[in-house]
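Each chain, written out:
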Amino acid sequence: MVLLHVLFEHAVGYALLALKEVEEISLLLPQVEECVLNLGKFHNIVRLVAFCPFSSSQVALENANAVSEGIVHEDLRLLLETHLPSKKKKVLLGVGDPKIGAAIQEELGYNCQTGGVIAEILRGVRLHFHNLVKGLTDLSACKAQLGLGHSYSRAKVKFNVNRVDNMIIQSISLLDQLDKDINTFSMRVREWYGYHFPELVKIINDNATYCQLAQFIGNRRELNEEKLEKLEELTMDGAKAKAILDASRSSMGMDISAIDLINIESFSSRVVSLSEYRQSLHTYLRSKMSQVAPSLSALIGEAVGARLIAHAGSLTNLAKYPASTVQILGAEKALFRALKTRGNTPKYGLIFHSTFIGRAAAKNKGRISRYLANKCSIASRIDCFSEVPTSVFGEKLREQVEERLSFYETGEIPRKNLDVMKEAVVQAEEAAAEITRKLEKQEKKRLKKEKKRLAALAALASSENGSTPEEHEETQEKPKKKKQKLQEAPQENGMDDPSVSVSKPKKKKSFSKEELVSSDLEETAGGSISPPKRKKSLPKEETASEPEEAARSVPKKKRKFSSKEEPVSSGSEEAAASKGSAKKKKKLQRAPQED
């Protein structure tokens, strides 16, 4: 019995499900449709075998791209090889996409099935997936689907901004629309201003020039010799300017009010601005075509090449078309009408607007259009798939078309295609090397500017945080001057007391036993240094710590005097004690003398 498994791709991971009762399911299709909506019944026929979640959104995007392109990803391969039975002949794998099914069958050897019951089972799995996988909620599954959908769309839309054919499609469409609108508006201006100055229509044929003149002239009765120079500038023809001046003097037009003239002039200015914008748009289209499709624009022109790209949908689609399709691109109605009526099929479509077909004789129009379509197909493929855009191939292909056109007229044999392409390859390599050299120079300049900018920012940050070396020396000299001033101030006031000082208080001194004994003797002897003066000379911190030190030293004194009260132990100890007391007395006698 064949084991039927179903592979389900979700935004959170791959799921492999096994189906029970395969024979009944394959036979009873309506019952399966009813079981899909009921979760309990659906659990009876489907069980989850394995679930492989994606570790990150980037991995999910990679797997989605692989599935859409019909490529078996390593995660999918690992899941199938791990959890499917080893006997591949007894396994039938159901998949939703025939492309990925064919890839699995080719690479892994599992028989794959799509459609029918598999589609219904996958519909049920999609409906109850959050119940089949533990820990997955409906909300989290929806969020994962939304996030993957956004990232997948962004990845599909990513392209090189310098080689975007969408802008060409929009530009050529807008250019065609502007041509129609400018013609319509110009006819309106001609008809409106023709009531006042009907002779101007016959003198000036160009629509933009007519609108400029209508805006400049205004009331024809005010036109005089002083405005003749300006008329020559607008018409770029002295004879036409003189004819306009003569016609204004003998015109048969009706008089016009000031308010009507204001409206005509404002509308004429709008038409003039539209024509100026049309010229700037044409310049923009030429620059974009030189970046995106330089070979095609060099061969057939910017406008015709842009119309071919727009009609095909993109440059990639145009590159996929054969030369026969490029030849009749834009003449689909005539082609199907000819096929329906069994008449002659069209020889050319959009490429008819090229100058080559117009220059060819009537009997050679079909042949030159076929040859030109062949070269256009080659040029579009070169532009689409070349890394460095260059117009060398387009120029060489144009030379070939010129040679073929002269061959039809004079019989001169053109060069071989192989020789021309060899020359083009050599020139293209040189041009590519030059372009890469320029790009490298631009990149070096950009890096230098970036380094300079970072260095300036670092210097600015250091100046804001810390001062310069000169400022630092000044800040060091200022405290010294302050100290000198504070030391000179007490001398001027006549205060010689050394106890008053500007310096910071010193650290606490730890007095020894000998110093404490000498201080007691000085108190009894009534020495020159009195205790109050000693207290003044000490800082406040030392005076506050004296009681603590006295309290600590009292027990030491008691210990010292208590040793004298102890009973006499031995003669050696008494001799050592007498020697120590004699040395102490000598020291105490020297101390007052030094003071």
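For clarity, every value in this text was computed on a predicted model and none was experimentally measured.

Draft legend 1. Representation of a positive patch on the surface within the structure. Judged by side-chain charge, Lys438, Lys441, Lys444, Lys445, Lys448, Lys449, Lys451 and Lys452 come together as a positively charged surface patch. Take Lys445: it is sitting in helix 24 (residues 417-465).

Draft legend 2. Spatial organisation of the nonpolar core. Formed by 45 residues in total, the largest nonpolar core has its most connected members in Leu296, Leu299, Ile300, Ile309, Leu318 and Leu372. Ranked by residues supplied to this core, first place goes to helix 22 (residues 365-385) with 7 residues. When near neighbours in sequence (up to four residues on either side) are disregarded, Leu372 contacts Leu299, Ile300, Ile351, Ser354, Phe356, Ile357 and Val401. Ranked by size, the runner-up nonpolar core spans 26 residues in total, among them Leu7, Phe54, Leu84 and Ile100.

Draft legend 3. How the structure looks around the sheet that holds strand 4 (residues 91-94). Taken together, the 5 strands give an open sheet; going across it, the order is 3-2-1-4-5, and neighbouring strands pair in mixed fashion. Both outer strands of the open sheet, strand 3 (46-53) and strand 5 (111-113), are each paired with one neighbouring strand and no more. Each neighbouring strand pair of the sheet contributes to a mean axis angle of 25°, computed without reference to strand direction. Of the strand pairs in this sheet, strand 2 (residues 13-19) and strand 3 are connected by 7 bridges, and their pairing is antiparallel. The residue of strand 3 that forms the bridge with Ala18 is Arg47. Contacting strand 1 (3-9), strand 4 and strand 5, helix 6 (residues 98-107) runs over the sheet at an angle of about 170° to strand 5.

Draft legend 4. Structural view of a nonpolar patch on the surface. Together, Trp192, Tyr195 and Met254 make up an exposed nonpolar region whose accessible area comes to about 340 Å². As for its position among the elements, Trp192 is in helix 10 (residues 165-194). Judged by its relative accessible area of 34%, Trp192 falls in the partly exposed class.

Draft legend 5. Region of the structure containing unusual backbone geometry. The backbone of Met236 sits at a positive phi, close to 55°, despite the residue not being glycine. Within the secondary structure, Met236 sits in the loop between helix 13 (228-235) and helix 14 (238-249). The phi torsion at Arg342 lies on the positive side, around 60°, for a residue other than glycine. Relative to the helices and strands, Arg342 is located in the loop between helix 20 (332-341) and helix 21 (355-359).

Draft legend 6. How the structure looks around helix 17 (residues 302-312). For helix 17, the complete set of buried residues consists of Val304, Gly305, Ala306, Leu308, Ile309 and Ala312. Contacts made by the buried residues of helix 17 are with helix 10, helix 15 (258-292), helix 16 (294-300) and helix 18 (315-320).

Draft legend 7. Highlighting the pairing of strand 4. Sheet analysis places strand 1 next to strand 4, joined by 4 bridges and oriented parallel. Within the sheet, the bridge partner assigned to Leu3 lies in strand 4 and is Val91. In terms of strand pairing, strand 4 meets strand 5 through 3 bridges, oriented parallel. Paired with Leu92 across the two strands is Asn111, which belongs to strand 5.

Draft legend 8. Broad picture of helix 14. Spanning 12 residues, helix 14 covers 17 Å between terminal C-alpha atoms, matching the ideal 16 Å at 1.5 Å per step. Buried residues of helix 14: Ala241, Ile244, Leu245, Ala247 and Ser248, and no others. Buried residues of helix 14, seen end-on, are gathered within an arc of 165° and therefore sit on one face of the element. Across helix 14 from its buried face, at more than 90 degrees, point the exposed residues Ala239 and Arg249. Elements that come into contact with the buried residues of helix 14 comprise helix 11 (199-203), helix 12 (207-217) and helix 13. Its side-chain oxygen at 3.2 Å from the backbone nitrogen of Ala239, Asp237 defines the N-terminal cap of helix 14.

Draft legend 9. Representation of the side chain of Ser151. With respect to the secondary-structure elements, Ser151 resides in helix 9 (residues 138-157). In this structure the side chain of Ser151 is engaged in a polar contact, spanning 2.9 Å, whose partner is the backbone oxygen of Leu148.

Draft legend 10. Just the pattern of salt bridges, in detail. Under the definition given, this model contains 17 salt bridges. Of the charged contacts, one joins Glu399 and Arg415 as a salt bridge, the two residues approaching to 3.1 Å between their closest N and O atoms. Of the two residues, Glu399 sits in helix 23 (residues 392-410) while Arg415 sits in the loop between helix 23 and helix 24, which places them 16 residues apart along the sequence. Arg415 gets classed as partly exposed once you look at its relative accessible area, which sits at 34%. Ionic contacts of the salt-bridge type, sharing partners, join the residues Lys396, Glu399, Glu403, Arg415 and Glu423 into one network.

Draft legend 11. Examining the packing of aromatic side chains more closely. This structure, assessed with the given rule, holds 8 aromatic pairs. Ring geometry for Trp192 against Phe267: centres 6.3 Å apart, planes inclined by 50°, an arrangement best described as tilted. Of this pair, Trp192 sits in helix 10 while Phe267 sits in helix 15, and the two are 75 residues apart along the sequence. The partly exposed category is assigned to Phe267, whose relative accessible area is 23%. Among the aromatic residues, ring-to-ring pairing joins Phe8, Phe51 and Phe129 into one connected group.

Conventions used here
- Residues numbered from 1 in each chain as written.
- Predicted model: local features only at pLDDT ≥ 70, side-chain atom pairs only at ≥ 80, totals over all residues.
- Heavy atoms only, no water.
- Patch = residues over 30% accessible without salt bridge, like charges linked within 9 Å, V, L, I, M, F, W, Y side chains within 5 Å.
- Areas by Shrake-Rupley, 256 points an atom, 1.4 Å probe, with all protein chains shown as cover.
- Salt bridge = Lys/Arg side-chain N within 4 Å of Asp/Glu carboxyl O.
- Lys, Arg positive; Asp, Glu negative; His and termini not counted.
- Charge placed at Lys NZ, Arg CZ, Asp CG, Glu CD.
- Helix = DSSP H or I, 4+ residues; strand = E, 2+ residues; numbered from the N terminus.
- Core = buried A, V, L, I, M, F, W, Y, C linked by side-chain atoms within 4.5 Å.
- Buried < 20%, exposed > 50% of the residue type's maximum accessible area, 1.4 Å probe, protein only.
- Contact = heavy atoms within 4.5 Å.
- Pairing = 2+ DSSP bridges.
- Axes fitted to C-alpha atoms, helices over the stretch in contact; angles between N-to-C directions.
- Expected span 1.5 Å × (residues − 1).
- Arc of directions from axis to C-beta.
- Polar contact = N/O pair within 3.5 Å; in protein donor to acceptor, adjacent residues only side chain to side chain.
- Phe/Tyr/Trp six-rings, centres within 6.5 Å; stacked < 30°, edge-to-face > 60°.

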